[in-house]
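# Analysis of the macromolecular model
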Amino acid sequence: MLSPSLIMFSIQRKPKISASRKLMLKSLMVAKAKEELEQEILVKEEEKEKYLAERAPPLHTGGMTLAQLQDLCKELHAKIDVVDEERYDIEAKVMLNTREIKDLNIKVLDLRGKFKRPNLRRVRVSADAILRSLLGSKHKVSMDLRANLKSVKKEDTEKKRPVEDSDWRKNVEAMSGMEGRKKMFDAAKGPAQ
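Conventions and cut-offs
Residues numbered from 1 in each chain as written. Predicted model: local features only at pLDDT ≥ 70, side-chain atom pairs only at ≥ 80, totals over all residues. Heavy atoms only, no water. Helix = DSSP H or I, 4+ residues; strand = E, 2+ residues; numbered from the N terminus. Buried < 20%, exposed > 50% of the residue type's maximum accessible area, 1.4 Å probe, protein only. Patch = residues over 30% accessible without salt bridge, like charges linked within 9 Å, V, L, I, M, F, W, Y side chains within 5 Å. Areas by Shrake-Rupley, 256 points an atom, 1.4 Å probe, with all protein chains shown as cover. Salt bridge = Lys/Arg side-chain N within 4 Å of Asp/Glu carboxyl O. Lys, Arg positive; Asp, Glu negative; His and termini not counted. Charge placed at Lys NZ, Arg CZ, Asp CG, Glu CD. Expected span 1.5 Å × (residues − 1). pLDDT = per-residue confidence, 0-100.

### Re the overall build of the chain
When helices and strands are tallied, the chain shows 7 helices and 0 strands. Reading the chain from its N end, one meets helices and strands in the order α-α-α-α-α-α-α. Taking all 193 residues of the chain together, 2% fall into the buried category.

Below is the structure:
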């Protein structure tokens, strides 16, 4: 009987589309998307022209008197002021909304617990300081580990070691720590040459 993994492997089929066909389809899709994007840009431009034609009809200044031109300029200035005020109000609302969005994003990150953690530095702390921080006022014992160590003077150690001029080969077995294994090695080897 076949195992379930072999059955799943045998059920999976090779894709029906070859790599060259996939590439051709992708290129056709990109070409179609490009055409649609160009059409969308044209539609937007037409809508913009329509809107401007409705909101700001073309000016016919030919045959107008000086007083009529001055009145027209005053009307245009008034309209410009109104549009400018609306633009300023909209910009203020947008800035307020962006500030609110930033604040809300910060609150969301705080609630999730994803804080930007600062880089920590290594700090050398003595054992006394660690015990004080852990135990608080209960800590009374000093943990000065170096105080209990013996002090050794360098001069004393140098004087104790006598300078040996003797041949080092005399005590090879004693110094090697082999406990006579060298003799057994030499005996197995045969007579010295």
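### Points about a nonpolar patch on the surface
The grouping of Val123, Val125, Ile130, Leu134 and Leu135 at the surface amounts to a nonpolar patch, some 490 Å² of accessible area in total. Within the fold, Val125 resides in the loop between helix H3 (66–112) and helix H4 (127–135). You can call Val125 partly exposed: its relative accessible area is 46%.

### Some words on the pattern of salt bridges
Oppositely charged side chains can form a pair if their charged atoms are brought close together. Here the structure, examined in full by the defined rule, presents 3 salt bridges. For Lys44, the salt bridge is made with Glu40, and the minimal N-O distance between the two is 3.9 Å. Within this pair, Lys44 and its partner Glu40 are both found in helix H2 (residues 19–55), separated by 4 residues, close to a single helical turn. When its relative accessible area of 44% is taken as the criterion, Glu40 is described as partly exposed. For the salt bridge of Arg87 with Asp84, the shortest nitrogen-to-oxygen distance reads 2.7 Å.

### A closer look at a negative patch on the surface
Taken together, the side chains of Glu45, Glu46, Glu47 and Glu49 make up a negatively charged region of the molecular surface. By the secondary structure assignment, Glu46 is in helix H2. Under the relative-accessibility criterion, Glu46 is labelled exposed at 53%.

### Regarding H3
Between the first and last C-alpha of H3 there are 68 Å, a value that for 47 residues agrees with the 69 Å anticipated at 1.5 Å per step. Phi for Gly113, located one or two positions after H3, is positive at around 90 degrees.

### Description of the confidence of the model for the chain
Mean pLDDT over the chain stands at 78; residues scoring 70 or higher make up 62%. Here helix H1 (residues 4–11) stands out as the element of the chain with the lowest mean pLDDT, 54, in contrast to H2, whose mean of 94 is the highest.

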